[in-house]
Structure formats: C-alpha cells, structure tokens
Protein chains: 2
Amino acid sequence: MKNDESLVKVRTKSVRKNQIRLSNERRILAAAVKIFAGFGYQGATTRKIAEEAGIPKANLHYYFQTKEQLYRRVLDGIFKDWLAAANTFDECVEPIEALRGYIETKMELSRKRPLESRIWAEEILRGAPLIQHELEVTLSAWLDTRVKRITDWINAGRIDALNPRILMFMIWAVTQHFADFESQIRALNQQQNLSDNQFKEAKQQVTRIILKGIGALD
Amino acid sequence: MKNDESLVKVRTKSVRKNQIRLSNERRILAAAVKIFAGFGYQGATTRKIAEEAGIPKANLHYYFQTKEQLYRRVLDGIFKDWLAAANTFDECVEPIEALRGYIETKMELSRKRPLESRIWAEEILRGAPLIQHELEVTLSAWLDTRVKRITDWINAGRIDALNPRILMFMIWAVTQHFADFESQIRALNQQQNLSDNQFKEAKQQVTRIILKGIGALD
DNA sequence: GTTAATCTTGACCAAACGGTCAAGATTATT
DNA sequence: AATAATCTTGACCGTTTGGTCAAGATTAAC
C-alpha cells in the first residue's frame, strides 16, 4: 500500500517533470545530431550544440553530463534505426522482394536521415572506439541471422553461390554512400543535390544491378 | 654565363639542402597520414604528428607553417592516387577488362592504403571544405571522360542501358568501403581483418556482381 | 505560504590547442 | 676563418576546450 502510494506519487510527478526533461533532451539530441554530423566528434563543441539547441551550455551539461554521454545517446538512436531497417528483409520470403525492400529501405534512410548516416560513418572511420562491442555482439548476431536466410536462397538455387557477408557489405556500402558522400556527388552533379527523380533512378539502378548481379533476375 | 653559373650553384646547394628538406617533409607527411586517419582533422594535433614523426613540434611548423597547409599536402597526394587509379580503365578497350581492372585497382588501393582512403572519406563527410573546388573542376572533368566511354559501350550494346555516373558511384562506394569501414568488417569477422584469401574472394565477388549486374557477363 | 525538488544560468577553471620566437646548432660558400 | 643560409629547439602566448559551481528561478505538494 505505502509502496503503491509513493509509486503513484513518483509517477505523477515524473510524468510532468519528464515532459520538461524529455522535451529538452529531444532538443539537445536534435542539435547534437546536426553538429556531430557537420563537424565530427572532435570538431563538435558543447558550445555549438547548446547554441544550436538555443540553451546555455551549462544547461546542456545539466541534462548530459559529458560530451561523450551525449554522443553515445546519439549513436544508440542511430543503431536502432540501422537494425530496424531490416524489417522488410525479414518479412519477405522471396529473395527478390526481401533484398529489393531492404535496399529500398536503406536508400530511403540515406535520403531522409543523411546526418545520422554520416555520424555512424565517422564513428566507424575512427575505428568504432565507442561501439566496437555493440558491433561485435549485437550487429554480429543480427548479421548471422540474415546470412542464414541468404544461404538458404543459395542452397535452393534462387540466387548465385556467393558469400552472403560480402553481399551485405556491398549493399551497405552502396546505399550509405549516397548519404556519406553526398557532398562529392553534389560536386559532380553541377553543384546540385540529386533531385527526387535522380535519386529514384539511382535507387532503381542500384537495386537492378545488385539483383541481376547475384542471379536473382532473369 | 653569370646566370648559368649562379643557376648551377643554386642547384648544387638545392640538391643537398633539399635532401634534408625532402627527407623531413616525407617523415612529417607519413606521420600526418597516420594521425589524420586515426583521429580526423580536428582530432589530429600538431603535437601528435610531430611526436609520431619523432621531431619537436616547432620543427614541424618550420616545414609546414600551419596544420591546414600540412593537411592540404596530404589531401593532394591522395587525390593524385585517386586519379591515377584509372589508368587501367583507360588502357583497356573492352568494357569487361576496363571495369575489372579499375575495380581491381581500387580494391588494391583500399587494401594497401586504407589510411589515405579514410582521410579522403572524412574530408567528404565534412562537406569537402578544402577540396570542393578540386572536385567540381578536376574530378568532374575526370568523370566526364569515363562517362563518355561507358556511354559508348551502352550504345554499342556491350552493357545494359544505365546511368554511367551512378555506376561509378557504386564502384567507388563498394571498393572504398573495405578501407573506410574496415573496423566494422573486422568486428563482423571474429575481430580479425580480412585475410588475403578473404579479400581476394571479396574482390572477385564484387567484380562479378557488378559486371554481371550491368549485363557485361552473360 | 512554506518546503523541497528540479531546472536555469553567468562566471569561472585547468588543460590543451595552434602557432610564434629568439637563440643556438649545422651546413655550405668564400 | 669568416660569413651566410638553413635547420633545430625549449619556452612561451592568446584562445578555446569540456566541464564545474553556486546562486537564483520555477514548479509541485502540503
């Protein structure tokens, strides 16, 4: 009883307080994504992030004690999106539909959330100092599951014999390239970002070359 | 006569002096590649670079006045390798041999010079602040030339109809992925870098999927 | 209206940064 | 041997960094 009462009180209080807390955390995290993506972990300063969020730096440190803690929270969010992108892959039975859907989802992620892709890329570039363990455990297990499905397709003769891991690396490389190397693509496209039509064409061509390349088409 | 004499003198002096200068510049540049690749432009400090080169920081600044100047020199070297990698592409007439050779060369670059690839990738990630102009002029012209050759192959029915630029982006993405995302690949490969045999397999699979995917193989 | 949390903020700090400088060591020329 | 050029270096400097702190503002509960 007593415990229940105090729990209710705590919860009531938490709901309101959490509104302020959650709202501020969201603002800070959104600002952090922008600044980390634009300047890298070292180049990003807590001053810049606080300024982007429209709050004093000391207030930022009230919600996130250290820059590294804030960065970890950003990375966690990105990692979740990364894994969730495989839903289509898992739902479809046919290799063509599963891979087409996965490539499509990853391409759309690059199109709509390029900042997150760049933060991820920079973390890996630096040797994944903060997410190495997550890669070795969670992502590794995630990959194993998908490798098994691809292996089944190979054994059923639905696609060519190949190394499933390398296929996944190729898909990651190509799809994320459109986010990570956006500035290079822009410089080679008359200083214009890819238009919606150009991006659609890229998506279709990438899908077709990979699917045809692994013997899933024709 | 007088001019000739003084020229000879200048040259004689320069040869010896340049030995010291060139030798030190090389040491510093080699150290800079390591540190820039490992920590990024902002994370790299002139102290770390000087320490890696085994010289006092003040001596580094004698040869390269600013960190940015040093970084530009590193980028210039990388850019030259980037462009030179297309030699095979240009020398071969057949699409299969030209593309196979280019993919092979780019894969070997990723294998043998991953640090340079990562420095390039980080510069692009940050929006190419220092090499934007080079991308828009030199790399753009470079790409145009290769696009024309690919277009000829398409018109001759040697490969499928496709957007040549997107094909080049795919090749860059996949080949450079093996250098830029090395730490991720390692984490997904029992914490081991790809062995020579694994890398050879990757090279072959990447080549086969792309060539087959564009209709160059049957 | 008092109390107790939580939130906000300007001022501040030690450490590290890129870069400078003057003085000395080396090397080549006369 | 003297001179001039280049190379080397420890000490130093103004600025910026991530992070702290104490004092005040706000909010919720009794």
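All values reported here derive from a predicted model rather than from experimental measurement. Counting from 1, residues in each chain are numbered in the order their sequence is written. By the order in which they are written, chains take letters starting at A while ligands take numbers starting at 1. Restriction of local features to residues with pLDDT of at least 70 applies here, the model being predicted, together with a cutoff of 80 or more for giving and counting side-chain atom pairs; totals for whole chains, interfaces and linings are based on all residues. For the side-chain quantities, the full set of heavy atoms in the structure was used; hydrogens and water were omitted.

A look at the relation of the copies chain B and chain A
Thinking step 1. The superposition of copies rests on a least-squares fit of C-alpha positions from residues with pLDDT of 70 or more in both. Least-squares fitting of chain B to chain A yields an RMSD of 0.1 Å, with the transformation described by 0.0 Å of translation along the axis and a rotation of 180°. Within this description, the copies of the chain are treated as partners about a two-fold rotation axis. Across chain B, the rotation axis passes nearest the C-alpha of Gly213 of chain B, at a separation of 1.9 Å.

Some points on the pattern of salt bridges
Residue and element names in this part refer to chain A.
Thinking step 1. Between Lys or Arg on one side and Asp or Glu on the other, a salt bridge is scored when a side-chain nitrogen of the former is within 4 Å of a carboxyl oxygen of the latter. According to the stated counting rule, one finds 36 salt bridges over all chains in the structure shown.
Thinking step 2. With a closest N to O distance of 3.0 Å, Glu25 and Arg21 form a salt bridge. A residue pair is termed a helical-turn pair when its members lie 3 or 4 positions apart in one helix, as Glu25 and Arg21 do in helix 1 (residues 2–43) at four residues.
Thinking step 3. Measuring nitrogen to oxygen at the nearest pair gives 2.5 Å for the salt bridge that ties Arg165 to Asp144. Note that Arg165 is positioned in helix 9 (residues 164–180) and Asp144 in helix 8 (residues 132–155), a separation of 21 residues in sequence.
Thinking step 4. Type-normalised accessible area, obtained with a 1.4 Å probe on protein chains alone, sets the label of each residue: buried when under 20%, exposed when over 50%, and partly exposed for intermediate values. Overall, Arg165 belongs to the partly exposed group, its relative accessible area being 24%.
Thinking step 5. The network of salt bridges with common partners includes Glu104, Glu108, Lys112 and Lys203. Only DSSP runs of H or I covering at least 4 residues are called helices, and only runs of E covering at least 2 are called strands; the numbering of each starts at the N terminus.

Observations regarding the protein's contact with DNA strand D
Thinking step 1. Taken together, 19 residues surround DNA strand D, and among them Lys57 and Lys67 of chain A together with Pro56, Ala58 and Tyr62 of chain B come closest.
Thinking step 2. Restricting the count to atoms of DNA strand D within 4 Å of the protein gives a sugar and phosphate share of 59%.
Thinking step 3. Polar contacts, as counted here, are pairs of nitrogen or oxygen atoms within 3.5 Å of one another; within protein the pair requires one atom able to donate a hydrogen and one able to accept it, and residues that are adjacent in sequence qualify only if both atoms are side-chain atoms. Within the backbone of Lys67 of chain A, a nitrogen or oxygen atom sits 2.6 Å from a phosphate oxygen of DNA strand D.
Thinking step 4. Between Asn24 of chain B and DNA strand D, the recorded distance is 3.2 Å, taken from a side-chain N or O atom to a phosphate oxygen.
Thinking step 5. The set of elements that each furnish at least two residues to the surface near DNA strand D consists of helix 1, helix 2 (46–53) and helix 3 (57–63) of chain A together with helix 1 (2–43) and helix 3 (57–63) of chain B.
Thinking step 6. For the surface near DNA strand D, the element with the highest residue contribution is helix 3 of chain B, accounting for four residues.
Thinking step 7. Following the grouping adopted for this structure description, the nonpolar residues are Ala, Val, Leu, Ile, Met, Phe, Trp, Tyr, Cys and Pro, the charged ones are Asp, Glu, Lys and Arg, and the polar ones are all others, Gly among them. Tallied by class, residues from the surface near DNA strand D come to six nonpolar, six polar and seven charged. Whether a residue is near a molecule or strand depends on its heavy atoms: it is near if one of them lies within 4 Å of it.

Some points on the packing of aromatic side chains
Thinking step 1. The pairing test for Phe, Tyr and Trp rings, Trp by its six-membered ring, is centres within 6.5 Å, and the orientation test on the planes gives stacked under 30 degrees, edge-to-face over 60, and tilted for anything in between. In total, this model carries 26 aromatic pairs over all chains according to the counting rule given.
Thinking step 2. Taking the centre distance of 6.1 Å and the plane angle of 85° together, the rings of Phe178 of chain B and Phe199 of chain B count as edge-to-face. Residue Phe178 of chain B is located in helix 9 (residues 164–180), and its partner Phe199 of chain B is located in helix 11 (residues 196–213); the two are separated by 21 residues in the primary sequence. For the pair formed by Phe178 of chain B and Phe199 of chain B, the shared burial category is buried.
Thinking step 3. In this structure an aromatic cluster arises from ring pairing among Phe79, Trp82, Phe89, Tyr102, Trp120, Trp142, Trp153, Phe169 and Trp172 of chain A.
Thinking step 4. Comment: the charge-over-ring label is applied if NZ (Lys) or CZ (Arg) is within 6 Å of the ring centre and within 35 degrees of the ring normal. When the ring centre of Phe39 of chain A is taken as reference, the NZ or CZ atom of Lys48 of chain A above it lies at 3.7 Å.
Thinking step 5. The ring of Trp82 of chain A carries Lys106 of chain A above its face, with NZ or CZ at 4.0 Å from the centroid.

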